[in-house]
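Survey of secondary and tertiary structure
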Amino acid sequence: MTADGEMEIQEAFERSQKGHNNKAKLVACLKSRYNKLEDKTLFHEEFVHCLKHAMIVYKREPAVEHVIEFVAKFATSFQSPPSEEESMEEEDMEDDHPFLSFIFNFLLESHKANSHAVRFRVCQLINKLLGSMAENAQIDDDLFDRIHQAMLVRVTDKFPNVRIQAALAMTRLQQPKEDDCPTTNAYLLILDNDSNAEVRRAVLSCIAMSPRSLPKVLKRTRDIKENVRKLAYQVLAEKVHIKALSIAQRVSLLQQGLHDSSEAVREVVRSRILPAWLKLMNGDVVAVLHNLDVENCAQTALDTLRAIFTNTPTDELLQNTLLLDNRKVIPEESLSCERVLYWRALCEFIKGKGDEGEEMLEQVLPDAATYASYLYGYLKAVPLLSEEQRADFNQLELVMTKEFISQQLIHLTGCLDTNEEGGRKRVLAVLQEMLALPQTPPSLVSLLTEKLLDLIPDDHRRIQIVAEIISDVREPIMEVSQPVNEDERRRQQVKLAEVKVRVLETKEALEESIAAQDFSRAAELKVSITEMENHRNQIIQEMAESSQPTDEENRTEKNDPETLLRCLTMLCELMKQMNIKTSMGPTTSELMLSLILPSIANAHPAVRNMAVLCLGTCALHSKELANTHMVLLLQIAQLDEIKIRISALRAIIDLLLLFGFQLLSDTPAATQTGLPPHSPDTDRQEDAEAPAVEEKSHEDTAQSILLMLSEFLDSEVSDLRTETAEGLSKLMYTGRISSAKMMSRLILLWYNPVTEDDTRLRHCLGVFFQLYARESRAHQEVVEECLLPTVRTLMNAPATSPLAEVDVNNVVELLVNLTRSSALIKPSTNTEEVCVHDYLAARLCGEILKDPTAPEVRLYGSTLNNLELSRDETTRQDLLLLLQQITQVVKDRVCLRAIEKVVDQLVDSKEQTEFLNATALQPLDVNADEAATEDASKSVKRAKRGQRKASTAKGARKNNRRADSSEESDGENVPEAVPESLSLSTRPSRRAKTIALEKTKLDLNPLIDQEANSN
């Protein structure tokens, strides 16, 4: 090639770096020069030489990107799409242009270069080349295989950008119809295992949809990164038809997407997924609902409808027909699950607009009286199946559909305008009548009661109305008919015959007197005849009345499970709706004695469960009632079926949250009196001993509850274990319990591989740890106390235990992060307060000095290096003294290096030299471990005593805590505990921050210690 030609190539590359130049014109000029050359070798070499300058640049510079774009366009300009005539000639199909083949060969030979920049540009150029080719372009099979193999290697590159370009380059190499496509396999592997979110996004953007790839794309909608989830929903909206998804997949997509933690992801679901599905259904919202299981996922369907309504203009909301008749209701023959749910969602959405939606609501919903009559007519038509009819699946399905429709119609009563008195009374009358009817399905009782109570604001009137309904349901009025008495009827017939005979005889005598013209006697006989006829008519009337059976009204109490469950459901709903400050009155107390307590012993599990729920909700309204029945709830929580035990456990937790553990000191057993009289001295002695006895009884009851909860944490039933963990988290967060050992138990439960599939438990505890530790410094001290017992438990776990698989370093890292002062929501303003990490540092130093040869000294050393230590002079000197002792006795180099880093944080260069010299000059005393441990405790005492007011007993408390924490170490290396009297007499003031909290807060550490000692 001539010098002019060389300049032309270089000039083309230089011009291509500038974005304003027309690359098509550059390509045409360079291509014209290339076509005129007979020997293309020099052109190829010069072209590659210029290209290499761009390929060694890793940074995404605009000039380099323009060059890469130019090279791709120039190389692919030689390949024209095959025509129909050329497709018949195999030779033309197999031959590629020499320059294009040369570029591909050069790139494929360079993809293994040591420079990650070169590998990145190679994959990028191959991606650009394949992407710039025509839609129906073809390449040689050998070249296809070489590109394929090279990119399969590069998708495992250690640099994410290289993997991204390699994944994009394989887009057109996919064969989704093949079951064993290598590209698809590589994509699926990346989606599951690649740690870089951008790589996963790149694969999502180019993967072809197939039965194999669809589950993996759906899985990415639960990715940890927001951008990956967002792109996954976009891909599903663009590439996947709604019919390609199962009903469960559609419901899961909407449920997770509409409740995603990211607003951007939720917006993608609202603006991309739902419009795409609506478009496929020709804009029919009811048809979209038909593709969901609205009966089993009504809440998800409602959320979907609200999202659709939110993106729909107001004037278009009423355009979708509801098939309303002239009464503004859906005819009963046109009612379906989807249509009635759409009606309910639309009315609730319009009502949510406030005054703006009142006029629109009048167009889709009738007045209260009309709707009440419509609701009453439909509910009365819902059949109540017998046990034999329930065996018929078709009948059962039909009734379940009618019950679902009934539920939605009942929900619609909340949208009615009940300000008008007549309509409101009519709705109340319908709801009361439906609750009293025995034909009403049990599944509707709770909802009917809820809507009834919503219309009655006064609690006392609520109690009265519900009590009347319960009375009518449990003791209905029965008409008892009495049979006709045959003997009485015969006697009446004989009397009637006698009267008739006397009447006939008197009439004959009357005729004779008239014939004899004895008119005075005739008048007397006529009066007698009148009396006898009246008597005869009276007898006839009595006979007519006695011939009909008499009906008498009588109330008969019903105790069948269905009736009891119906009554208990109404009572439970009443207690939930009542204000918590409303006390138990005579009516509710009578219901407690006559309905709830007898149902506790019922043989039917559903009745017992509902009775426990009622007992728990009633106890929330009365502390006296809670005192009386706490023991009963504790027994139920341990002895009954799992579902009932969980209900009792929830009730116990709620009562302790509301009243605190002080509730246990007010139990009837502790308040019983009636002792015989004694002398004044004896009375004074008993008065002095009474608080101690009461406190001991209090602690015994608290210990029994604690033992029960501890056993539940080890239960094999996941629901019971989860409910217990959640309840303990609530008690600890609200300050009802302060226990380092219980915190340790919860942390071990969270990390235990056995609970890996228990999503609710993991989520609950994960949120609790963060909120609890960030709430206050006192909570951080509890977390700090539990660190060493937790580590000991994990280190001493046998190989067969699931805890042996737990990463101890990860656990320690979590606890250290939770106890950082910077993690507090409201950092302490007291500058004299010692940092929690200073206490933890002293503990860790003591553990290292206790056994310098233990394998966990490395862990303790690295933990010391991660602490946020304060710069207080007294604390710093104490810690330096401990670290100096550690450097004398510890031989592990890893631990020593970590200790040196800690020293670097605490001292400057001059002090560090003096520290190291002192360490080197002092003799090594391996037998001084226990003395060093005591010095560690004393140094902690001095630091606390010198920096915190009213905390002179802090060191004693710390030693007591250490003795408490070592309960789990199987008795090994346990330091001597401080005497109980000293610990109680010098209780630190920070445990009484407020008077109200002191009255209700219970430190369960002594009780847990007693439990551990007894075990």
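Residues numbered from 1 in each chain as written. Predicted model: local features only at pLDDT ≥ 70, side-chain atom pairs only at ≥ 80, totals over all residues. Heavy atoms only, no water.

**Topic: the overall build of the chain**
For the chain, the helix and strand inventory stands at 49 helices and two strands. Looking at the 1015 residues of the chain, the share that counts as buried comes to 47%. Across the chain, the fraction of contacts at a sequence separation of at least 24, relative to all contacts at a separation of at least 6, is 73%. With an accessible surface of roughly 51,600 Å², the chain has 49% of that area assigned to carbon and sulfur atoms. (Helix = DSSP H or I, 4+ residues; strand = E, 2+ residues; numbered from the N terminus. Buried < 20%, exposed > 50% of the residue type's maximum accessible area, 1.4 Å probe, protein only. Contact = heavy atoms within 4.5 Å. Areas by Shrake-Rupley, 256 points an atom, 1.4 Å probe, with all protein chains shown as cover.)

**A few points about the packing of helix α14 (residues 247-258) against helix α15 (residues 263-280)**
Close contact between α14 and α15 brings their axes to 8 Å; oriented N to C, the two are set at 145°. Where α14 abuts α15, its residues R250, L253, L254, G257 and L258 lie against V265, R266, V269, R270, I273, L274 and W277. (Axes fitted to C-alpha atoms, helices over the stretch in contact; angles between N-to-C directions.)

**With respect to the confidence of the model for the chain**
For the chain, per-residue confidence averages 80 on the pLDDT scale, and residues scoring 70 or more make up 81% of the total. Across the chain, helix α13 (residues 226-239) holds the top mean pLDDT of 95, while helix α47 (residues 980-985) sits lowest at 32. Predicted confidence for residues 84-95 stays below pLDDT 50, and this span has six contacts to residues more than four positions away or in other chains. When the criterion is pLDDT under 50, residues 920-1002 qualifies, and its contacts beyond four places in sequence or with other chains add up to 134 contacts. (pLDDT = per-residue confidence, 0-100.)

**As for unusual backbone geometry**
The phi torsion at N282 lies on the positive side, around 60°, for a residue other than glycine. Tracing the backbone through its elements, the reader meets N282 in the loop between α15 and α16 (285-290). Accessibility expressed as a relative area gives 74% for N282, which makes it exposed.

**A closer look at the packing of helix α25 (residues 459-474) against helix α28 (residues 561-577)**
Contact geometry of α25 with α28 gives a least axis separation of 10 Å together with a crossing angle of 175°. Comparing their axes, α28 and α25 come out roughly antiparallel. Counting all contacts with α25, which are made through R462, I463, V466, I469, I470, V473 and R474, the residues of α28 involved are T563, L564, R566, C567, M570, L571, L574 and Q577. Residues of the contact of α25 with α28, tallied by class, amount to 10 nonpolar, two polar and three charged. (Parallel < 35°, antiparallel > 145°, perpendicular 65-115°, else oblique. Nonpolar A, V, L, I, M, F, W, Y, C, P; charged D, E, K, R; others polar.)

**A look at the packing of aromatic side chains**
Under the defined criterion, the tally for this structure stands at 20 aromatic pairs. Considering the side-chain rings of W343 and Y371, the 6.2 Å spacing of their centres and the 70° angle between planes classify their relative orientation as edge-to-face. Taken together, the residues span a long stretch of sequence, with W343 in helix α18 (residues 337-351) and Y371 in helix α20 (residues 368-380) at a distance of 28 residues. Both residues of the pair, W343 and Y371, count as buried. Seen from their ring centres, W750 and F769 are 5.4 Å apart, and the 75° between their planes marks the pair as edge-to-face. Taken together, the residues span a long stretch of sequence, with W750 in helix α36 (residues 740-751) and F769 in helix α37 (residues 759-775) at a distance of 19 residues. Classification of F769 by relative accessible area gives buried; the value is 2%. The rings of F13, F43, F47, F70, F74 and F99 are connected pair by pair, giving a single aromatic cluster. (Phe/Tyr/Trp six-rings, centres within 6.5 Å; stacked < 30°, edge-to-face > 60°.)

**Details of a nonpolar patch on the surface**
Taken together, Y733, V767 and L771 make up a surface patch of nonpolar side chains, about 240 Å² in accessible area. Mapped onto the elements, L771 comes out in helix α37. In this structure L771 comes out as partly exposed when scored by relative accessible area, which is 42%. (Patch = residues over 30% accessible without salt bridge, like charges linked within 9 Å, V, L, I, M, F, W, Y side chains within 5 Å. Salt bridge = Lys/Arg side-chain N within 4 Å of Asp/Glu carboxyl O.)

**Digging into the nonpolar core**
Ranked by internal contacts, the top residues of the largest apolar core, which has 274 residues, are F47, I147, W343, L409, M743 and L864. Ignoring anything within four residues of it in the chain, the contact list for M743 reads M732, F768, F769, Y772, V782, V783 and C786. (Core = buried A, V, L, I, M, F, W, Y, C linked by side-chain atoms within 4.5 Å.)

**Examining helix α23 (residues 421-436)**
Between its first and last C-alpha, α23 extends 22 Å over 16 residues, near the 22 Å set by a 1.5 Å rise per residue. Residues of α23 that are buried: G423, R424, V427, L428, V430, L431, M434 and L435. In an axial view of α23, the angular spread of the buried residues amounts to 160°, which keeps them on one side of the axis. On its buried side, α23 packs onto α20, α24 (445-454), α25 and α28. (Expected span 1.5 Å × (residues − 1). Arc of directions from axis to C-beta.)

**A word on the pattern of salt bridges**
For the structure shown, the criterion picks out 39 salt bridges. With a closest N to O distance of 2.3 Å, D223 and R220 form a salt bridge. For E348, the salt bridge identified is with R344, shortest N-O distance 2.9 Å. Taken together, the residues E348 and R344, both in helix α18 and four residues apart, mark about one turn of the helix. On the basis of relative accessible area, R344 is assigned to the buried category, the value being 9%. Salt bridges here are not isolated pairs; linked through shared partners, they connect R650, E723, E726, K730 and R760.

**Focus: the environment of V382**
Here V382 is to be found in the loop between α20 and α21 (387-390). Judged by relative accessible area, which is 4%, V382 ranks as buried. Sequence spacing of V382 and K402 is 20 residues, and the spatial spacing of their C-alpha atoms is 6.5 Å. Ignoring any residue separated from it by four or fewer positions in sequence, one finds V382 in contact with K402, E403, S406, Q439 and P441.

**A closer look at the side chain of T449**
Counting through the fold element by element, T449 comes out in helix α24. Ignoring any residue separated from it by four or fewer positions in sequence, one finds T449 in contact with L435, M570 and E573.

**Here's the deal with a negative patch on the surface**
A cluster of acidic side chains, namely D355, E358, E359, E362, D367, D417 and E420, defines a negative patch on the protein surface. The residue D417 is located in the loop between α22 (393-411) and α23 in this model. (Lys, Arg positive; Asp, Glu negative; His and termini not counted. Charge placed at Lys NZ, Arg CZ, Asp CG, Glu CD.)

**Some points on the environment of K730**
Tracing the sequence through the fold places K730 in helix α35 (residues 718-733). Distance from K730 to L657, taken between C-alpha atoms, is 7.7 Å for residues 73 residues apart in sequence.

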